[in-house]
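Chain by chain, the residues:
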2 protein chains.
Amino acid sequence: MRDPLARYPGYSLRRAANAMSAELAARLAALDLRQADASALMVIAANPGMTASALARQLDIQRANMVPLLNRLEEADLIGRSPIDGKSRGLELTSAGREKCTAAQSVIDAFEADMIARIPEQHRAHLLPALDALWR
Amino acid sequence: MRDPLARYPGYSLRRAANAMSAELAARLAALDLRQADASALMVIAANPGMTASALARQLDIQRANMVPLLNRLEEADLIGRSPIDGKSRGLELTSAGREKCTAAQSVIDAFEADMIARIPEQHRAHLLPALDALWR
DNA sequence: CGCGGATTGCTATAGGCAACAACATTCTCT
DNA sequence: AGAGAATGTTGTTGCCTATAGCAATCCGCG
């Protein structure tokens, strides 16, 4: 079978991202978390009191799409929202949220380590800077 | 704003793939093609007569999800299907499909070139092998 | 001080993509 | 011939994202 797509870095990028995403999603499912949930928890943990809008900007998610995400996290008692002014509310982790977040950290750290281990050593150091150049 | 996600290659991989995917999708939209369509056209062009199942395996798409994709391509008169035996049908490009495919090739080649140009030169050669190690 | 524009949070709706289960038909191999 | 595999298809579900629009609130400039 001829594979005309093999030589395209863009195609490999998509395939690699899909494969890694699927694996991480599977690992996070054990914690009842989606990837977006875990990212949100970690960013909130590092920036307590931030607004939903700021979180959306940070994660490059549309404001509209934060709503179900945050509702889900609040529903699960992982985050709380307290009024900053009339319209904004600050986000913070509950204690359950902090526990869940450290658990997620462990899962993600293990995942990242496994992922990096799969890359031939001479290429490893180049991956992050190359990827960052594509979107930062 | 502290960004605890910055140090994770896996996160960068996801973000980079999303960014590149969005850009390619936008460029292909000018041809009325989705990414999956373009991939399918290129693989069929390189392997005329292949079956839908073989294409699904090649692209790592579930058999079931090939149906709407191929129907769309056939609807647009880009591919044809001719019976191989009682149950299998071989896929081939129509002449419009061949034109569309070469047009897609141009778009993708330009896209890949632009993408690679954004990567600092000392990292470029390492990207493809590193990515391939993650999914091949 | 007040007003206009920007920001915030939210609803509703849609599309792209992929996963899964199930099914009938047909092929292939022993 | 019969068992098991492959093929094409349907229907359903889930996740993620995008867009448009709305009401409430905030803020800076005149």
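Just above, that's the structure.
What comes next concerns the included structure. Throughout this document, residue positions are counted from 1 along each chain, in the order its sequence is written. Written order determines the labels here, with chains lettered from A and ligands numbered from 1. pLDDT decides what is reported in this predicted model: residues at 70 or higher carry local features, side-chain atom pairs at 80 or more are listed and counted, and totals for whole chains, interfaces and linings draw on all residues regardless. Side-chain numbers here rest on the full set of heavy atoms in the structure, without hydrogens or water.

**What to know about the overall build of chain A**
Right, so step 1: Every helix listed is a DSSP run of H or I at least four residues long, and every strand listed is a run of E at least two residues long, numbered separately from the N terminus. When helices and strands are counted, chain A shows 6 helices and 2 strands.
Right, so step 2: N-terminal to C-terminal, the α/β element order of chain A is α-α-α-α-β-β-α-α.
Right, so step 3: Principal-axis analysis of the C-alpha atoms gives chain A an extent of 60 × 30 × 25 Å.
Right, so step 4: Pairs of residues are marked as contacts when any of their non-hydrogen atoms sit within 4.5 Å. In chain A, of all internal contacts separated by at least 6 residues, the share reaching a separation of at least 24 is 48%.
Right, so step 5: Working note: accessible area of chain A is about 6800 Å², and carbon and sulfur atoms make up 50% of it.
Right, so step 6: Charged residues are defined narrowly, with Lys and Arg counted positive, Asp and Glu counted negative, and His plus the chain ends left uncounted. Taken as the charge centre is NZ of Lys, CZ of Arg, CG of Asp or CD of Glu, depending on the residue. When the 17 basic and 16 acidic side-chain charges of chain A are each reduced to a single mean position, those positions are 8 Å apart. Only the protein chains shown count as covering a residue, and every accessible area follows the Shrake-Rupley method with a 1.4 Å probe.

**Describing helix H5 (residues 95–117) of chain B**
Right, so step 1: Expected span of a helix, by definition, is 1.5 Å for each gap between consecutive residues, and there is one gap fewer than residues. Its 23 residues give H5 of chain B an end-to-end C-alpha distance of 33 Å, which sits within 8% of 33 Å, the value for a rise of 1.5 Å per residue.
Right, so step 2: Here the buried face of H5 of chain B lies against helix H1 (9–29) and helix H6 (121–135) of chain A together with helix H1 (9–29), helix H2 (35–46), strand S2 (89–93) and helix H6 (121–135) of chain B.

**Regarding the protein's contact with DNA strand C**
Right, so step 1: In the region of DNA strand C, 18 residues are neighbours, and Ser53, Arg63, Lys87 and Arg89 of chain A together with Gly86 of chain B sit closest.
Right, so step 2: For this description, a residue counts as near a given molecule or strand if any of its non-hydrogen atoms is within 4 Å of it. For DNA strand C, the backbone makes up 62% of the atoms found within 4 Å of the protein, where backbone means sugar plus phosphate.
Right, so step 3: Note that a phosphate oxygen of DNA strand C is positioned 2.8 Å from one of the backbone N or O atoms of serine 53 of chain A.
Right, so step 4: Of all the secondary-structure elements, those providing two or more residues to the surface near DNA strand C are helix H3 (52–59) and helix H4 (63–75) of chain A together with helix H4 (63–75) of chain B.
Right, so step 5: The residue classification treats Ala, Val, Leu, Ile, Met, Phe, Trp, Tyr, Cys and Pro as nonpolar and Asp, Glu, Lys and Arg as charged. All others, Gly included, are polar. In the surface near DNA strand C, the residues fall into 4 nonpolar, 6 polar and 8 charged. The term polar contact refers here to a pair of N or O atoms within 3.5 Å; inside protein, the definition further demands a hydrogen-donor-capable atom paired with an acceptor-capable atom, and it admits residues adjacent in sequence only when both atoms are side-chain atoms.

**Observations regarding the pairing of strand S1 (residues 79–83) of chain A**
Residue and element names in this part refer to chain A.
Right, so step 1: A pair of strands is treated as paired once DSSP finds two or more bridges between them. In terms of strand pairing, S1 meets strand S2 (residues 89–93) through 5 bridges, oriented antiparallel. In the strand pairing of S2, proline 83 is matched with arginine 89.
Right, so step 2: Here S1 hands over to S2 after 5 residues, the two strands then running antiparallel side by side.

**A few points about the relation of the copies chain B and chain A**
Right, so step 1: Of the two same-sequence chains, chain B is brought onto chain A (RMSD 0.1 Å, axial shift 0.0 Å) by a rotation of 180 degrees. With respect to symmetry, the two chain copies, as superposed, fit the operation of a two-fold axis.
Right, so step 2: Of the interface residues in chain B, 100% have counterparts in chain A that sit at the interface too, so the contact is made through matching surfaces. Least-squares superposition aligns the copies on the C-alpha atoms of those residues with pLDDT at or above 70 in both.

**Comments concerning the interface of chain B and chain A**
Right, so step 1: Each partner contributes to the interface: chain B provides 53 residues, whereas chain A provides 53 residues.
Right, so step 2: Summing both sides of the interface, chain B and chain A together bury roughly 5200 Å²; the carbon and sulfur share of this comes to 65%.
Right, so step 3: Two parts lose some accessible area (1.4 Å probe) when they are put together, and adding that loss for both gives the buried area. Looking only at chain B, the three residues that lose the most surface to chain A are Arg15, Leu134 and Trp135 of chain B, adding up to 13% of its buried area.
Right, so step 4: Salt bridge, as applied in this entry: a Lys or Arg side-chain nitrogen positioned within 4 Å of an Asp or Glu carboxyl oxygen. Remark: the boundary between chain B and chain A carries 6 salt bridges.

**Quick word on the environment of isoleucine 84 of chain A**
All names here are of chain A.
Right, so step 1: Considering the arrangement of structural elements, one finds isoleucine 84 in the loop between S1 and S2.
Right, so step 2: Separated by 37 residues in the primary sequence, isoleucine 84 and asparagine 47 place their C-alpha atoms 15 Å from one another.
Right, so step 3: In contact with isoleucine 84, other than residues within four places in its own chain, are Gly49, Thr51, Arg89 and Gly90.

**What about unusual backbone geometry?**
Right, so step 1: Unusually for a residue other than glycine, aspartate 77 of chain A sits at a positive phi of about 60 degrees.
Right, so step 2: With respect to the helices, strands and loops of the structure, aspartate 77 of chain A is situated in the loop between H4 and S1.
Right, so step 3: With a relative accessible area of 46%, aspartate 77 of chain A lands in the partly exposed category.
Right, so step 4: One non-glycine residue with positive phi stands out, namely aspartate 32 of chain B, at about 60 degrees.
Right, so step 5: Along the chain, aspartate 32 of chain B turns up in the loop between H1 and H2. Exposure classes here rest on a 1.4 Å probe applied to the protein chains alone. A residue is buried below 20% of its type maximum, exposed above 50%, and partly exposed in between.

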